[in-house]
Each structure stands twice: as structure tokens, then as C-alpha cells.
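# Examining the three-dimensional arrangement
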Amino acid sequence: DGLSLGYVGVLREWVSFEPIFQAMLEARTLKITLTIIGSEGRFHELQKRVREIGLAGQVRFVGAVPYSALPENMQNFSIGVIPFVQNAITRGALPLKLYEYAAANKVIISSQLPEIQTVAQNEVFYADTPSQYLALFQNFSKNGIPAVRYTFLHDADWTTIERKFLEHVEGE
């Protein structure tokens, strides 16, 4: 019954929902909803923008929730989005939400950030433009949301991170 997207995190200048909003407007028949969890930054500005463009019925603003309540809140969506703009801040970013979404077994759509591409490679879907989001939404609506298995999580434990760090330091 439609697609349920979700975002968890700050709403700062490096996050842009515009491409998603535009794709949602173009795909009204697909019944797409977006849940935004977080309030730091442009919370009120985004609420106003959603009302202005006519998506108030499809975008739900949860606000800030305690970290312990994230799993419960993330049950309300099946696709986690990482809609970061491409700039000097994000080029080196590896957002924690990549691991949060993967651990919660969500399909992930991310901006094409170099660090995410290095870590997750083809295990996530990539979109930066409204047409790229729209193509993914249409694909998921037609073919179903794919099952996911994230192998990159196998290297996300502290023992492995420490070993890789020490190998890197000792190799210099």
C-alpha cells in the first residue's frame, strides 16, 4: 500500500529533501509517505515548505526522539533515505544513519557520497535528483521493495575497526 520513506537525523544545511519532495509530487499515484525524525536545524522551515508544495498529508514530522526510541519509530518506514547535498562537508562524510538503517534492515537510498559508495558499494541505492528518486520509487512500486542483506555490517564492529586502524597506522 504505497512506499514509506524515513529519515533520522539533523535537518542542517547539508540535508536536502527537495529532490525527494519533487519526486513525491510527480508520483502522487504511488502513495509515498515520508517520516522525518529529528528537529535540529531547519525543522520549521521544512514544515512550512511541505505545506506550501502540498505534501502535508504525505510528510510526517516526528521531531526529536530519544535514541532508545529510534527502533520503535523506524518501524513506521521501510526505506531509509540519506538525502545529503554534495559539498565539502559531505564529501568526507560517512553518516551513522547508514549503519542505523542497515541494522534495522531498511532498504537505503543515499546521495552518491564517496564514503558511502566505498563502504556500502552496490548494497544501497543511489539518488541525487528528482528523476533518480522517481525511477527508484516507480521500480519499488512495480516490483516490490527488495529484500536486503548488508555485508558491510560485518566490518562495523570495534575489533575490526581497531585492527584496520592499527594496520593503517603501522603501514605509514
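Look a little higher up for the structure.
The structure displayed is predicted, hence computed values, not measured ones.

## Quick look at unusual backbone geometry
- The phi angle at Asn105 is positive, at roughly 60°, despite the residue not being glycine.
- Locating Asn105 in the fold gives a position in the loop between helix H5 (96-103) and strand E5 (107-110).

## Description of helix H2 (residues 43-52)
- Residues of H2 that are buried: Phe43, Leu46 and Val50. The buried residues of H2 occupy one face: seen down the axis, they fall within an arc of 65°. Counted as exposed and oriented over 90 degrees from the buried face of H2: His44, Arg51 and Glu52.
- Along its buried surface, H2 packs onto helix H1 (18-26) and strand E3 (59-63).

## A few points about the environment of Arg28
- Counting through the fold element by element, Arg28 comes out in the loop between H1 and strand E2 (32-37).
- The partly exposed category is assigned to Arg28, whose relative accessible area is 40%.
- Leaving out residues up to four positions away in the same chain, Arg28 has contacts with Ile53, Gly54, Leu55 and Gln58.

Rules used in this analysis
Residues numbered from 1 in each chain as written. Predicted model: local features only at pLDDT ≥ 70, side-chain atom pairs only at ≥ 80, totals over all residues. Heavy atoms only, no water. Helix = DSSP H or I, 4+ residues; strand = E, 2+ residues; numbered from the N terminus. Buried < 20%, exposed > 50% of the residue type's maximum accessible area, 1.4 Å probe, protein only. Arc of directions from axis to C-beta. Contact = heavy atoms within 4.5 Å.

Geometric values such as these leave the question of function open.
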